Amino acid sequence: MKKLGLLIIVIFSIISCNTDVQGDKFHLELLPIDSAVLPVEFKKDSLYELPFNYIRPSTCHIFEGFYYEKNLNVRTIAIQTSVIEQSNCTAATVNPITEILKFKPTTETSYVFKLWKGTDANGADIFQEITIPVVP
């Protein structure tokens, strides 16, 4: 009986390792922040829902989350998408898209939000910097 069970496990293991199945190919792409509605000040330890708007270039761009980098009191933000590599992508008809980032200030210093706006003609990153003070 043990040999039969082991044989069944081995067979299912071999079948599940089939590499002929091809899924959709995709790559990650950052999209610039089109606009944001940020408060004029934060209150320490309060939770904020910050709306960020972006332009979705095609129906093959799928929101994956925020690119979010923090360095001391500086927060660098962009939109992270997966782009499905297929030939039937069409231009997105609903723009801009709004996504919400939850943010909780934990210190009483100002926060600097660097919103990625894309790149210039030389490939250098362009940022919009917004400083928001924190009140106790």
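Model, not experiment: these values are computed from the prediction.

What counts and what doesn't
Think of each chain on its own: its residues are numbered from 1, step by step along the sequence as written. Only residues with pLDDT of at least 70 get local features here, since the model is predicted, and only at 80 or more are side-chain atom pairs given and counted; chain-wide, interface and lining totals rely on the full set of residues. To get the side-chain values, all heavy atoms of the structure are used, and hydrogens and water are removed first. What counts as a helix is a DSSP run of H or I of at least four residues, what counts as a strand is a run of E of at least two, and both are numbered from the N terminus. The buried label applies to any residue whose accessible area, calculated with a 1.4 Å probe on protein chains only, is under 20% of its type's maximum; exposed applies above 50%, and partly exposed to all values in between. It only takes one pair of heavy atoms within 4.5 Å for two residues to be counted as in contact. One bridge is not enough; two strands pair if DSSP finds at least two bridges between them. Think of it this way: a Phe, Tyr or Trp ring, Trp meaning its six-membered ring, pairs with another when their centres are within 6.5 Å, and the plane angle makes it stacked under 30 degrees, edge-to-face over 60, tilted otherwise. Two conditions define a charge located above a ring, namely a distance within 6 Å from the ring centre to NZ of Lys or CZ of Arg, and an angle within 35 degrees of the ring normal. To count as a disulfide, a pair of cysteine sulfur atoms needs to be within 2.5 Å.

**Q** Sorry if this is basic, but what is going on with the environment of L30 here?
**A** You can see L30 is positioned in strand 1 (residues 26-31). On the basis of relative accessible area, L30 is assigned to the partly exposed category, the value being 34%. With 37 residues separating them in the primary sequence, L30 and Y67 have C-alpha atoms 7.6 Å apart. With sequence-adjacent residues up to four places away left out, L30 is seen in contact with Y67, A78, I79, Q80 and W116.

**Q** I tried to follow the sheet that holds strand 2 (residues 35-36) on my own but got confused; where do I start?
**A** Paired through backbone hydrogen bonds, the strands of a sheet run either parallel or antiparallel to each other. Reading across from one edge, 2-4-7 is the order of the three strands in this open sheet, with antiparallel pairing throughout. The sheet terminates laterally at strand 2 and strand 7 (97-103), the two strands that pair on one side only. Of the pairings in the sheet, the one linking strand 2 to strand 4 (residues 48-54) comprises two bridges and is antiparallel in character. Residue pairing for strand 4: S35 is matched across the bridge by N53.

**Q** Looking at this model, I keep getting lost on the side chain of T76. Mind explaining?
**A** On the secondary structure map, T76 appears in strand 6 (residues 74-84). Excluding residues within four positions of it along the chain, T76 makes contact with Y67, Y68, E69, K114 and F127.

**Q** What is the right way to read the packing of aromatic side chains from this model?
**A** The description of an aromatic ring pair rests on the distance of the ring centres and on the angle between the ring planes. Under the defined criterion, the tally for this structure stands at nine aromatic pairs. Arranged with centres 5.6 Å apart and planes meeting at 80 degrees, the rings of F63 and F66 form a pair that is edge-to-face. On the basis of relative accessible area, F63 is assigned to the partly exposed category, the value being 27%. With relative accessibility at 19%, the residue F66 sits in the buried group. Here F103 and Y111 contribute two aromatic rings whose centre-to-centre distance is 5.1 Å and whose plane-to-plane angle is 85 degrees, an arrangement assigned as edge-to-face. Take F103: its relative accessible area is 4%, and that puts it in the buried class. In textbook terms, an aromatic cluster arises when at least three aromatic residues are bridged by ring pairs, as seen for F42, Y48, F103, Y111 and F113. Note that K114 overlies the ring of F127, its terminal NZ or CZ placed 4.5 Å from the centroid.

**Q** What's the story with the state of the cysteines in this structure? I'm lost.
**A** Linking two cysteines covalently through their sulfur atoms gives a disulfide. Summed over the entire model, instances satisfying the criterion amount to one disulfide. Shown here is the disulfide that connects C60 with C89, its sulfur atoms set 1.8 Å apart. Its torsion about the S-S bond being -95 degrees, the disulfide of C60 and C89 is classed as left-handed. One end of the pair, C60, is in the loop between strand 4 and strand 5 (61-71); the other, C89, is in the loop between strand 6 and strand 7, and 29 residues separate them in sequence.

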